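# Examination of the molecular architecture
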Amino acid sequence: MSRSHLSLLATLGVLAVAACGEDTPTAAPPVCAVSNVAITSAPATVTVGNLGVLEVQVTATNCATAPVVTWTSSNDALAIVSPSGVVTGVTAGNVTITATAGGKSSSTPMQIVAGGGGGPIQ
C-alpha cells in the first residue's frame with residue numbers, strides 16, 4: 001500500500017473517531033406533573049380500635065408510573081394512617097388526614113370516637 005493510501009486511511013479513521021464523539025442532542029424525558037390530589041372516599045368517624053379506609057384520586061401527566069401518595073395524620077396519638085390510606089382510631093378526638101403526591105395535597109377531617117372499651121389501643 002502506498003503512503004498516500006495509508007495517509008488517506010489514517011485521515012478517514014481520525015474523522016470517523018471524531019464523528020463518534022460528537023454530542024447528539026437528545027430530548028429530556030417528560031417530567032411527571034401532578035395537577036390535583038383529591039380524597040374521594042373517607043369515613044366521617046372511626047371508632048377507637050377500628051379501621052377506616054380512605055381513597056384518593058391523583059391527576060397527573062407524563063408519569064411512567066403512578067405518583068407515590070404519602071398519607072399523614074395531624075395527630076398520631078388520636079389516629080394513625082398506613083401508607084395505603086387505612087386509618088386506625090387510637091384515642092377519641094378530631095384529626096385531619098392528608099394525602100400528598102407531587103407537591104399537591106388533599107385533607108379530610110375525621111372524628112375518632114370511643115368504642116366499647118373507650119380507651120386507647122394498648
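Residues numbered from 1 in each chain as written. Predicted model: local features only at pLDDT ≥ 70, side-chain atom pairs only at ≥ 80, totals over all residues. Heavy atoms only, no water.

## Things to note about the confidence of the model for the protein chain
Considering every residue of the protein chain, the mean pLDDT works out to 83; 75% of them sit at 70 or more. Within the model, the stretch residues 3-19 combines pLDDT values under 50 with 2 contacts to residues more than four positions away or in other chains. (pLDDT = per-residue confidence, 0-100. Contact = heavy atoms within 4.5 Å.)

## Digging into unusual backbone geometry
One non-glycine residue, Asn62, lies in the positive phi region at around 60 degrees. Positionally, Asn62 belongs in the loop between strand E4 (55-61) and strand E5 (70-73). (Helix = DSSP H or I, 4+ residues; strand = E, 2+ residues; numbered from the N terminus.)

## A few points about the nonpolar core
Core analysis: the largest hydrophobic core is formed by 17 residues, its most contacted members being Leu54, Trp71, Val87, Val95, Ile97, Met110 and Ile112. Put simply, the parts of the chain that give this core at least two residues each are strand E1 (33-41), strand E6 (79-81), strand E8 (93-101) and strand E9 (104-113). For this core, the element with the highest residue contribution is E8, accounting for 4 residues. Sequence-distant contacts of Trp71, that is, excluding residues within four places in its chain, are made with Ile39, Leu54, Glu55, Val56, Val81, Ser82, Pro83, Ser84, Gly85, Ile97, Thr98 and Ala99. (Core = buried A, V, L, I, M, F, W, Y, C linked by side-chain atoms within 4.5 Å. Buried < 20%, exposed > 50% of the residue type's maximum accessible area, 1.4 Å probe, protein only.)

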